[in-house]
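# Tertiary structure, described
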Amino acid sequence: MKKIIFMTLFAMGATLATNAQTISENALGLRIGGGNGYGAEVSYQRAVGGDNNRLEFDLGIRNDKNNYDSFKLTALYQWVWNIEGGFNWYVGAGGGVGSIDSKDRNRYVDETFIFLAGDIGIEYNFDIPLLISLDFRPEIGFINDNDRIDDFSPDIALGLRYQF
């Protein structure tokens, strides 16, 4: 009886181990969205811990020579789970910092802001070193202008990253 229980547990463990999808140590690419006004962001992912967890850093820069300069840096911690084969889904939480420098209706605006962000998405890990993802990132921003809450900013983006 002990041998049957042991063999059953071994078979279940081996099945789970072969179906587990590991994430790449590093991934670098673009996160292309439009909801937050930054368009394409440079994106870097770094695996952390023994589980399928990672850090993601995104940098968005917006520049209009005459009226507008802005940047936004986002950092997220993500938990990744395998669906099947190369498909994964993930959730994350984090925040970021940014700056806006603009001339708004003949008034000069120079503000620094911080924000909290969540993240949920799905990704496909190809056999080649390409990772494609689609995610939803809600953000709540705080601007240093009379300590007011700016607004809720949802963002949907497509990610294309090279894994190494």
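Structure shown above.
Residues numbered from 1 in each chain as written. Predicted model: local features only at pLDDT ≥ 70, side-chain atom pairs only at ≥ 80, totals over all residues. Heavy atoms only, no water.

## With respect to the overall build of the chain
Counting its regular elements, the chain contains one helix and eight strands. Helices and strands appear in the chain in the N-to-C order α-β-β-β-β-β-β-β-β. A separation of at least 24 residues holds for 49% of the contacts in the chain among residues at least 6 apart in sequence. Accessible surface computed for the chain: about 10200 Å², of which carbon and sulfur atoms make up 63%. (Helix = DSSP H or I, 4+ residues; strand = E, 2+ residues; numbered from the N terminus. Contact = heavy atoms within 4.5 Å. Areas by Shrake-Rupley, 256 points an atom, 1.4 Å probe, with all protein chains shown as cover.)

## Section: the pattern of salt bridges
A complete count under the given rule lists 10 salt bridges for this structure. The shortest N-O distance in the salt bridge between Arg137 and Glu41 comes to 3.9 Å. Taken together, the residues span a long stretch of sequence, with Arg137 in strand S7 (residues 130-143) and Glu41 in strand S2 (residues 40-48) at a distance of 96 residues. Judged by relative accessible area, Arg137 falls into the buried class, the value being 0%. (Salt bridge = Lys/Arg side-chain N within 4 Å of Asp/Glu carboxyl O. Buried < 20%, exposed > 50% of the residue type's maximum accessible area, 1.4 Å probe, protein only.)

## Points about the nonpolar core
The biggest cluster of nonpolar side chains holds seven residues, and these are Tyr38, Leu76, Ile100, Phe113, Phe115, Ala117 and Ile143. With three residues, the top contributor of residues to this core is strand S6 (residues 107-125). Ignoring any residue separated from it by four or fewer positions in sequence, one finds Ala117 in contact with Leu76, Gly92, Ala93, Gly94, Gly95, Arg137, Pro138 and Glu139. (Core = buried A, V, L, I, M, F, W, Y, C linked by side-chain atoms within 4.5 Å.)

## Observations concerning the packing of aromatic side chains
Taken as a whole, this structure holds six aromatic pairs when the rule is applied. Look at Phe113 and Phe115: their rings are 6.2 Å apart centre to centre, the planes differ by 35 degrees, and that puts the pair in the tilted class. Between the aromatic rings of Tyr124 and Phe126, the centroid separation amounts to 4.7 Å while the plane-to-plane angle is 80 degrees, which identifies the pairing as edge-to-face. We classify Tyr124 as partly exposed; its relative accessible area is 27%. (Phe/Tyr/Trp six-rings, centres within 6.5 Å; stacked < 30°, edge-to-face > 60°.)

## As for the side chain of Asn26
With respect to the secondary-structure elements, Asn26 resides in strand S1 (residues 26-33). Within polar-contact distance, the side chain of Asn26 engages the side chain of Tyr44 at 2.5 Å. (Polar contact = N/O pair within 3.5 Å; in protein donor to acceptor, adjacent residues only side chain to side chain.)

## Section: the pairing of S2
Burial of the side chains of S2 is restricted to one face: Glu41, Ser43, Gln45 and Ala47 are buried, whereas none of Ala40, Val42, Tyr44, Arg46 and Val48 on the reverse face is. Relative to S2, S1 runs antiparallel, the two sharing seven bridges. Across the sheet, the residue bridging to Arg31 is Glu41, located in S2. The pairing of S2 with strand S3 (residues 53-64) spans seven bridges and is antiparallel. Following the sheet pairing, Val42 is matched in S3 by Leu59. Connecting S2 to the antiparallel partner S3 that follows it, the hairpin turn spans four residues, and Gly49 within it adopts a positive phi of roughly 70 degrees. (Pairing = 2+ DSSP bridges.)

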